[in-house]
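Coordinate inspection notes
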Amino acid sequence: MSEIQVLSPRLANQIAAGEVVERPASVVKEMLENSLDAGATQIDIDIEAGGTKLIRLRDNGKGIDKDDLSLALARHATSKIRTLDDLEAVATLGFRGEALASIASVSRLTLTSRQADTEQAWQAVTEGRDMQSNITPAAHPQGTSVEVRDLFFNTPARRKFLRTEKTEFNHLHEVVKRQALSRYDVGFSLRHNGRVLHQLRPCRNQKDKEQRLAALCGPAFMDSAVFVEAEVGDLRLWGWIGLPSFSRSQADLQHFFVNGRVIRDRLVGHAVKQAYQDVMYHGRFAAFVLYLDLEAATVDVNVHPTKHEVRFRDGRTVHDFLFRSIHRCLADVRPGDEQGAADTSHLAASQPHAATTDAAASMPVHQQSIGLQQPSARFASNDNDRADPPTAAALNQSHQTYQQFASVGEQRAGFAVNPASTASMPAGDTEVPPLGYAVAQLHGVYILSQAEDGLIVVDMHAAHERIVYERMKQSRDQQGIKSQPMLVPKSIAVSEKEADFAEQHAATFLELGFVLQRASAESLMVRQVPVILNNANTEQLVRDVLADLIVHGQSQRIKDAMDEVLATMACHGSVRANRQLTLNEMNALLRDMEVTERSGQCNHGRPTWTRLSMAELDKLFLRGR
Ligand SMILES: Nc1ncnc2c1ncn2[C@@H]1O[C@H](COP(=O)(O)OP(=O)(O)OP(=O)(O)O)[C@@H](O)[C@H]1O
Ligand SMILES: [Mg+2]
């Protein structure tokens, strides 16, 4: 007797819904994607009870033809692709023709739409096991409305997994934020239980975008973010990255878009993490909103049911491009840079920063907004409350003094002072450098400096440590990695795949100072290692590098391990607390900071300096200006 039966359309759709429709937030995501695919420039979302009772979305997109309405609600029906070739270069967010059918099978869904140049809008609802559509005339302006009521009313098992109204709404809110970050040219509004939460107008320029960003990610992020833009071949990256000093206790402010699609991707995550490695305080997370645009055919979007992951045809190139662009941008951040962030300081409540409190979600540090503005009249005035800036001659002399103590660390580590990386003097007597001129040293720990607009406080050891470290790295990069044979070559047991890889990448290892030889099918012989890593755990390092090469196509580990050794040397070779510095020495240190990469963070990612503006100081004394 035959036992196999074809499932009813509704049941088949409900099963499919299991993959796509997890909670109200997933419904909103699918609906927003449809509206964007339809070319909408305005999308209004109305939510009740966290989306469990009602999700209503209205757009002004191109609408759906009356004859297509029932197809829109049918499974495997789409207007977006026709052939496999289309799928391979798909430019729309949707392509499976499943979302509406799935949602309709687990809720009470009404689809209303009107196309341009038609007299009448039409409305469709589905009924029964077969999900037959019932189509009636309706009133609606051009565009489409989808109304989803009582999500999961007919699938109690699913309904049980729903959390509180608040939690569900938070998820949904996150989805709306992300989509709003993906399309600045589209206006969005969001209401929950009648209360308006967002009213975002389409952005016309960079300033509008930054305002939207501040509204969605918080003004504090915008304040300490820099704009990044890079292009290599077909790859284009742009967006905002948070300064390392604005780190988070969670990875909750990380948004990545590939061709306008919201993506959570391991390769991307790894590249970004690596770019921040040298400057991020241990255990903290970077914040970023980044957009990667590349040719649609070089990325496969059909790898995950909710389309949250992608596969890059050339993952290694993408990884490399992301890492390099972000790494470069972070290295280039100097005191006085006005690279990115619009002035949103009026939005931010000024708050004293807590550099290392773990409780703090973020660590805003007032480093960004010191500008190289026109020389201040204040310095020229005879106001004897304020110190006169040192003359260029005095600074030159100070520079020499500083050189003597600054070179100590390098000598100990066996590096020569690199004249190219030392400070240049300010052009004239009146031009105030971004970090200002030292006025005093506090308790042997901090340098107090008078800057264009207020007071700069520098952690002298932390800052010097970074300078020495960057110089050591530079000298290594210029002189190449010195390698030495191991007294007793070390044999390492690996898998055959790893051994193959090591053989194929022998040149890569050689470049990094390692000489590896295959000893047998499943073992390697380490014959030579970099001098600087003489005492490191070679076996672990080689294994980790191989794992990286296999998964990510490249590895930073050897360099990282060297950096770690250099960082320790830098730490020991840097000015200790309680060492008295002369004003000249302090000024020379400040000038060095201004020209050193990553000088805003010490080698452990902590900030090296902060600023109290005159306005902030005035506020402390209730002094109006
Ligand atoms: N807001 C809308 N405006 C215009 N047409 C729409 C809208 N929403 C859906 N459609 C039409 O209905 C069809 C089915 O939508 P549905 O979301 O189910 O599938 P899809 O978007 O094609 O693919 P996917 O399942 O990947 O989302 C779409 O192909 C589109 O033609
Ligand atoms: Mg869709």
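Residues numbered from 1 in each chain as written. Chains lettered and ligands numbered in written order. Predicted model: local features only at pLDDT ≥ 70, side-chain atom pairs only at ≥ 80, totals over all residues. Heavy atoms only, no water.

Per an unreviewed UniProt entry, the protein goes by the name DNA mismatch repair protein MutL and belongs to BD1-7 clade bacterium. Per its UniProt entry, the protein bears the Sequence similarities (unreviewed entry) comment "Belongs to the DNA mismatch repair MutL/HexB family." UniProt's Function (unreviewed entry) comment on the protein is quoted here verbatim: "This protein is involved in the repair of mismatches in DNA. It is required for dam-dependent methyl-directed DNA mismatch repair. May act as a 'molecular matchmaker', a protein that promotes the formation of a stable complex between two or more DNA-binding proteins in an ATP-dependent manner without itself being part of a final effector complex." (UniProt positions renumbered as here; feature names shortened; annotations may be inferred.)

A few points about the overall build of the protein
A tally of helices and strands in the protein yields 20 helices and 22 strands. The proportion of buried residues among the 625 residues of the protein is 50%. For the protein, long-range pairs separated by at least 24 residues make up 73% of all intrachain contacts whose partners lie at least 6 apart in sequence. (Helix = DSSP H or I, 4+ residues; strand = E, 2+ residues; numbered from the N terminus. Buried < 20%, exposed > 50% of the residue type's maximum accessible area, 1.4 Å probe, protein only. Contact = heavy atoms within 4.5 Å.)

Notes on the site of ligand 1
Thr 78, Ser 79, Lys 80, Glu 98 and Lys 307 are the nearest of the 21 residues found near ligand 1. Contact between ligand 1 and Asn 34: an oxygen atom at 2.8 Å from a side-chain N or O atom of the residue. Within the contact set of ligand 1, an oxygen atom lies 3.0 Å away from a backbone nitrogen or oxygen of Ala 99. When ligand 1 is considered free in solution it has 590 Å² of accessible area, and contact with the protein chains removes 95% of it. Contributions of two or more residues to the shell around ligand 1 are made by helix H2 (24–37) and helix H5 (99–105). Looking at the shell around ligand 1, the element that brings in the most residues is H2, giving three residues. Residue composition of the shell around ligand 1, by class: seven nonpolar, eight polar and six charged. (Near = heavy atom within 4 Å. Polar contact = N/O pair within 3.5 Å; in protein donor to acceptor, adjacent residues only side chain to side chain. Areas by Shrake-Rupley, 256 points an atom, 1.4 Å probe, with all protein chains shown as cover. Nonpolar A, V, L, I, M, F, W, Y, C, P; charged D, E, K, R; others polar.)

Notes on the pairing of strand E17 (residues 446–451)
Looking along a regular strand, one sees side chains alternate from face to face of the sheet. Here E17 lies mainly inside the structure; five of its six residues are buried. Where strand E16 (residues 437–442) lies against E17, five bridges are found, and the strand directions are antiparallel. Within the sheet, the bridge partner assigned to Leu 442 lies in E17 and is Tyr 446. Linking two consecutive strands that pair antiparallel, namely E16 and E17, is a turn of three residues; a positive phi of about 50° is found at His 443 within it. Count of turn residues in the E17/strand E18 (residues 454–459) antiparallel hairpin: two residues. (Pairing = 2+ DSSP bridges.)

Re the nonpolar core
The nonpolar side chains of a soluble globular protein tend to be buried, and buried together. Phe 221 and Trp 240 are the most contacted members of the largest nonpolar core, which totals 60 residues. Two domains each put at least three residues into this core: domain 1 (9–200) and domain 2 (206–332). One finds Val 90, Val 226, Leu 237 and Leu 290 within the second-largest nonpolar core, a separate group that totals 38 residues. (Core = buried A, V, L, I, M, F, W, Y, C linked by side-chain atoms within 4.5 Å. Domains from an automatic or database assignment.)

Considerations on the packing of H2 against helix H7 (residues 165–182)
Packing of H2 against H7 brings their axes to within 8 Å, and their N-to-C directions diverge by 20°. Taken together, the axis directions place H2 and H7 in an arrangement best described as roughly parallel. Crossing of H2 against H7: the hand is right-handed. Between H2 and H7, the contacting residues are Pro 24, Ala 25, Val 28, Lys 29, Leu 32, Glu 33 and Leu 36 on the first element and Glu 168, His 171, Leu 172, Val 175, Val 176, Gln 179 and Ser 182 on the second. (Axes fitted to C-alpha atoms, helices over the stretch in contact; angles between N-to-C directions. Parallel < 35°, antiparallel > 145°, perpendicular 65-115°, else oblique. Left-handed = near helix turned anticlockwise from the far one by under 90°.)

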